[in-house]
Amino acid sequence: MLNLHLRTKIIGNKVYYYSCLSSTQDKAKEIAGYEKEGCVVISDRQAAGRGRQGREWLSPRGGVYLSVILKPDIHLREISKITLLAAVSLSSTIEKMADIRTSLKWPNDILINNKKVSGILCESAICGDKLHFIVVGVGVNLNNKIESISPALLYPATSILEEVGKRHSRKKFLEEALFDFDKNYLYFKENGFEVIKEEWKRKSSTLNKDITILDGDKKITGRAIDISEEGFLILEDKKGGIRKITAGDVII
Ligand code: BTN
């Protein structure tokens, strides 16, 4: 048992805890229709953890694997805001717990020393033109040894253990991660996205760089100049044309 001591208002109002699931995302999506927002699914390990763009997310014991059900009253085009909010929250948790600096790679990777330590996968259910729910999946390489970490396709991966050289309590990490997420989510609901966006920009390793975006077979290059008010990446191409990027992987 985990026996979490949570100091949260919404996130973690109900916790489903397992020693092994195929994927916390699948379980969360299965129950999201009838559970309230804030409900969290946690698993000690996952047999078929997955990342963005259909990639595998290796999930042995020692890592943090959770999915949060959210039902925000936002327009479909604002879903990116939730991804950035989750990344900002999780980066604060990692910095606080491990006493190390992180940076953010658009849209949702958290890096330590330019290596990926955590990823976020947001999946949503849409009814007509209305958002029914979002499931925010969070994977953190906490006490994982390097050989058990998903080989990062585009850049190297790491764990907090590898970077800091010591293990951290997973229970404490979960309590802090849910606390930080809750605090930012409540703030977002009351005050909007602006402050979260500025915090994301402050921690960004993507902005003000020439980058290539890979979205399936498509490649788009340009300079990342800003984040839009909906949470999209704004790219300026060589001819000065401005594009809003809604999806893809960044290569710097
Ligand atoms: C990525 O960087 O591609 C996103 C990785 C997301 C992994 C987490 S682990 C918990 C949740 N369950 C999954 O199967 N995936 C997400």
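Here, every reference points to the structure presented above.
The numbers attached to residues start from 1 for each chain and follow its sequence in the written order. For this predicted model, a pLDDT threshold of at least 70 governs which residues receive local features, and a threshold of 80 or more governs which side-chain atom pairs are given and counted, while totals over whole chains, interfaces and linings are taken from all residues. Side-chain calculation: all heavy atoms of the structure are included, whereas hydrogens and water are not.

Caption draft 1: Expanded view of the sheet that holds strand β4 (residues 103-105). In this description, strands pair whenever DSSP reports at least two bridges between them. We count a stretch as a helix when DSSP gives it H or I for four or more residues in a row; a strand needs E for two or more, and each element gets its number in order from the N terminus. Taken in spatial order, the seven strands of this open sheet run β1-β2-β3-β7-β6-β5-β4, and their pairing is mixed. Whereas interior strands pair on both sides, the edge strands pair on one side only; in this sheet they are β1 (15-21) and β4. Ignoring which end each strand starts from, the neighbouring axes of this sheet average 20° apart. Any two residues having at least one pair of non-hydrogen atoms within 4.5 Å are treated as being in contact. Working convention: axes come from line fits to C-alpha atoms, limited for helices to the stretch in contact. Angles between N-to-C directions cover 0 to 180 degrees. Together, β1, β2 (40-46), β3 (64-70) and β7 (130-140) form the strand contacts of helix α4 (residues 170-191), whose direction differs from that of β3 by roughly 25°.

Caption draft 2: Local environment of the environment of I196. Summarising the element assignment, I196 is placed in helix α5 (residues 194-203). Sequence separation between I196 and S67 is 129 residues; the distance between their C-alpha atoms is 20 Å. Setting aside residues no more than four positions away along its own chain, I196 makes contact with L85, V88 and N184.

Caption draft 3: Highlighting the site of the ligand. As a matter of local geometry, the ligand sits amid 20 residues, with S23, Q46, R50, R52 and K116 nearest to it. In the environment of the ligand, a nitrogen atom lies 2.7 Å from a nitrogen or oxygen atom belonging to the backbone of R50. We call two N or O atoms a polar contact when they sit within 3.5 Å, provided that within protein one can donate a hydrogen and the other can accept it, with sequence-adjacent residues counted only if both atoms are side-chain atoms. One of the backbone N or O atoms of R52 is found 2.6 Å from an oxygen atom in the ligand. To be clear on the numbers: accessible area is Shrake-Rupley with a 1.4 Å probe, and residue cover counts the displayed protein chains and nothing else. When the ligand is considered free in solution it has 420 Å² of accessible area, and contact with the protein chains removes 99% of it. For the shell around the ligand, the secondary structure elements donating two or more residues are α1 (24-31), β3, β6 (115-127) and β7. Per-element accounting of the shell around the ligand gives the leading share, four residues, to β6. Partitioned by chemical class, the residues of the shell around the ligand number six nonpolar, 10 polar and four charged. In these notes, residues near a molecule or strand are those with any non-hydrogen atom within 4 Å of it. Three residue categories are used. Nonpolar comprises Ala, Val, Leu, Ile, Met, Phe, Trp, Tyr, Cys and Pro, charged comprises Asp, Glu, Lys and Arg, and polar comprises the others, including Gly.

Caption draft 4: Inspection of the environment of N113 at higher detail. Counting through the fold element by element, N113 comes out in the loop between β5 (109-112) and β6. Residue class for N113 comes out exposed when judged on its relative accessible area of 53%. Separated by 44 residues in sequence, N113 and A157 place their C-alpha atoms 10.0 Å apart. A polar side-chain atom of N113 sits 2.7 Å from a polar atom in the side chain of E163. With a 1.4 Å probe rolled over the protein chains alone, any residue whose accessible area is under 20% of its type maximum counts as buried; one over 50% counts as exposed, and the rest are partly exposed.

Caption draft 5: The packing of aromatic side chains, seen in detail. When the centres of two rings from Phe, Tyr and Trp lie within 6.5 Å, Trp using its six-membered ring, the rings pair. Their planes under 30 degrees apart give stacked, over 60 give edge-to-face, and anything left gives tilted. Under the counting rule described, the total for this entry stands at one aromatic pair. One residue, R7, lies across the ring of F179, its end atom 4.1 Å from the ring centre. Lysine NZ or arginine CZ positioned within 6 Å of the ring centre and within 35 degrees of the ring normal marks a charge as sitting over the ring.

Caption draft 6: Focus on the pattern of salt bridges. A pair is scored as a salt bridge if a Lys or Arg side-chain nitrogen falls within 4 Å of a carboxyl oxygen belonging to Asp or Glu. Inspection of the entire model under this criterion finds 24 salt bridges. In this structure, the salt-bridge partner of E176 is R7, at a minimum N-O distance of 3.1 Å. With E176 in helix α4 and R7 in the segment before β1, this residue pair connects regions lying 169 residues apart in the sequence. D180 is the salt-bridge partner of K96, the closest N and O atoms lying 2.9 Å from each other. Highlighted residues: K96 in helix α2 (residues 79-98) and D180 in helix α4, separated in sequence by 84 residues. By relative accessible area, K96 is classed as partly exposed at 44%. Through salt bridges with shared partners, a single ionic network connects R7, K96, K172, E176 and D180.

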